[in-house]
Amino acid sequence: MNKKHLYILCGLLVLIGVVVTAYRALILEFPLTPNETTATWRIETRLEIETRGAPVKVSMMVPQSQPGLTLYNESYVSPGFGLATSSPTDNRQAIFSKRAASGTQVIYYGAVLHRSINRDGAPKAPPPRVRPSGFNTVQTAAARQIVGRIELESADTDTFVRLLFSRLKNPRPGGPEQLLLQAAPTRAEVGVKIMSVAAMPARLVNGIALSPDRRNAKVVRWVEVYDTDSWRAFDTDANEFRTPPDHLPWWRGTASLASIQGGRILQTDIAVRQVFVHSLQSTVAKQKQAQNKFVEFSVFGLPLQTQEVYRLLLTVPIGIFLLVILRNVVGMRTFGTFMPVLIALAFRETQLLWGAILFSTVVAVGLLIRFYLEQLKLLLVPRLASVVIVVILVMTAISILSYKLGFDRGLSVALFPIVILAMTIERMTVIWDEKGPKEALTQAAGSFFVAVLCYLVMNLAIVRHWVFVFPESLLLVLAATLALGRYSGYRLVELPRFRVLAGKR
């Protein structure tokens, strides 16, 4: 296989890794840093009703996802009531029903909204039917007078709406605007009715402000105007085409928040509270609610216990790549190929200092036992089996002793790979016999140094976050490992040996 084939493979791995990582970060909105938080808003609605012992039916408007805001969690508390949701129009409704209810009843609704970076505008919609204005004869005449004047002064829908609400905001005394404002509770509702007279599709939007936190949030109204092929929000206070800042569009139309059949509503309270949560938690919850297959068929679709296993396992390639650099480029000498990485994993459980002490103690004691067994002239397999038994006994003794002395870290010694320790001891004695104690100690020190360095890198919060949230980024690590597979240049530790030759030239 030539180098061109290898470079093409590496480039393909890098491309796939970058594209999938970008998709997760930009489209699915997975956080790039481990401590990133997201502002969420918890909305709680308390509805107190009075019933008369007859069948009762309560309809409550409930919010839905909007451009820039995603609804990803809801809760209903209504003891004894049946619950159903429906969307007969542009609104969502929760319908609570009970065959017979008497006395005062309380219904709770809760929702959690997540800020989304995907803030696409309203989707395209077919032209709606213009609804009757509801004005009487005199009011209709006044509305037509206003429409006639504005049509002469405006050039399109945009300027018509701005001029209309400018007039309604500053009505002339005794003028038609003042007459119509007396017939409706809000300026927004009057403007929608006047646009109906002008055959312009418009509708009321009811919403609440999401900040600051408030216990008795008030419902405010603004307008949506159909222009070209979509609905455009118009802030009547600012006289601008926009949704009022930090406002949630809850429902549309002139209907109230809640209505009841078979009783009466005593009180309605809306509370809004901003809570900052980990972005990863909110993003995963949002994508699971949307039943995103890309997330369901990922590590986040596994049970939590299994996720914790992979949270640790996915850091291994980072340690292995570091080991490749230290061995092939730097020239470090270690026992085996991947044993330092396994030791680094054990250090994560015991922490670095205690892990170093426990590892050194077990290896030193095991090495002494190995030298003693060498005097008994045992065969390889029985000798290795004896070393494993001794290692287990030593680990047990250290755990008991440390626990009695009040050092709980000693209990983690059992997490060390027993077989790896046994093979390390065996390998060290073989090198001791074949190449002398200097080489054995050199390789032991190299293994320990590489294990410590791998532990420090693998234990970085940003590394653990990236390999777990963006596991496809490991394709870049694989590409770099493959590229280093053909490196045949000088190792850094060998440069002093050839410096003399370079000086002679």
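What you see is a predicted model; the values in this text were computed from it and never measured. (Residues numbered from 1 in each chain as written. Predicted model: local features only at pLDDT ≥ 70, side-chain atom pairs only at ≥ 80, totals over all residues. Heavy atoms only, no water.)

**Some thoughts on helix H3 (residues 157-169)**
Here comes step 1: For H3, built from 13 residues, the straight-helix expectation of 18 Å at 1.5 Å per residue is met to within 8% by its first-to-last C-alpha distance of 18 Å.
Here comes step 2: Among all positions in H3, only Asp-158, Phe-160, Val-161, Leu-164, Phe-165, Arg-167 and Leu-168 are buried.
Here comes step 3: The secondary structure elements touched by the buried residues of H3 are helix H2 (137-153), helix H4 (176-181), helix H5 (187-197), strand S6 (220-227) and strand S7 (230-234).
Here comes step 4: Capping the start of H3 is the job of one residue whose side-chain oxygen sits 3.4 Å from the backbone nitrogen of Asp-158: Asp-156. (Helix = DSSP H or I, 4+ residues; strand = E, 2+ residues; numbered from the N terminus. Expected span 1.5 Å × (residues − 1). Buried < 20%, exposed > 50% of the residue type's maximum accessible area, 1.4 Å probe, protein only. Contact = heavy atoms within 4.5 Å. Polar contact = N/O pair within 3.5 Å; in protein donor to acceptor, adjacent residues only side chain to side chain.)

**Section: the sheet that holds strand S5 (residues 202-209)**
Here comes step 1: Here we have 4 strands laid out as an open sheet, ordered S7-S6-S5-S8, and antiparallel in their pairing. The open sheet has two free edges, formed respectively by S7 and strand S8 (247-252), since each of these has just one partner strand. Adjacent strand axes in the sheet meet at a mean angle of 40° when their direction is disregarded.
Here comes step 2: As paired elements, S6 and S7 share 5 bridges and run antiparallel to each other. Following the sheet pairing, Val-223 is matched in S7 by Phe-234. (Pairing = 2+ DSSP bridges. Axes fitted to C-alpha atoms, helices over the stretch in contact; angles between N-to-C directions.)

**Observations concerning the pattern of salt bridges**
Here comes step 1: Considering all chains together, one arrives at 19 salt bridges under this definition.
Here comes step 2: Arg-24 is paired through a salt bridge with Glu-472; the nearest N and O atoms lie 2.9 Å apart. Taken together, the residues Arg-24 in helix H1 (residues 3-27) and Glu-472 in the loop between helix H15 (461-469) and helix H16 (474-484) connect sequence positions 448 residues apart.
Here comes step 3: Judged by relative accessible area, which is 4%, Arg-24 ranks as buried. (Salt bridge = Lys/Arg side-chain N within 4 Å of Asp/Glu carboxyl O.)

**Description of helix H9 (residues 316-330)**
Here comes step 1: End to end, H9 covers 20 Å across 15 residues, agreeing with the expected 21 Å (1.5 Å per residue, within 8%).
Here comes step 2: Along H9, the positions that sit buried rather than exposed are Val-316, Ile-318, Gly-319, Leu-322, Leu-323, Val-324 and Leu-326.
Here comes step 3: The positive-phi residue at the C-terminal boundary of H9 is Gly-331, with phi of around 100°.

**Remarks on the packing of H1 against H16**
Here comes step 1: Interaxial distance between H1 and H16 falls to 8 Å at its minimum, and their mutual angle equals 165°. Here H1 is positioned roughly antiparallel relative to H16, judged by the angle of their axes. H1 and H16 meet at a crossing whose hand is left-handed. Packed against H1, whose contacting residues are Leu-6, Leu-9, Cys-10, Leu-13, Val-14, Ile-16, Gly-17 and Val-18, the element H16 presents Leu-475, Leu-476, Leu-478, Ala-479, Leu-482 and Ala-483 at the interface.
Here comes step 2: Tallied by class, the residues present in the contact of H1 with H16 amount to 13 nonpolar, 1 polar and no charged. (Parallel < 35°, antiparallel > 145°, perpendicular 65-115°, else oblique. Left-handed = near helix turned anticlockwise from the far one by under 90°. Nonpolar A, V, L, I, M, F, W, Y, C, P; charged D, E, K, R; others polar.)

What is shown is where atoms sit, not what they do.
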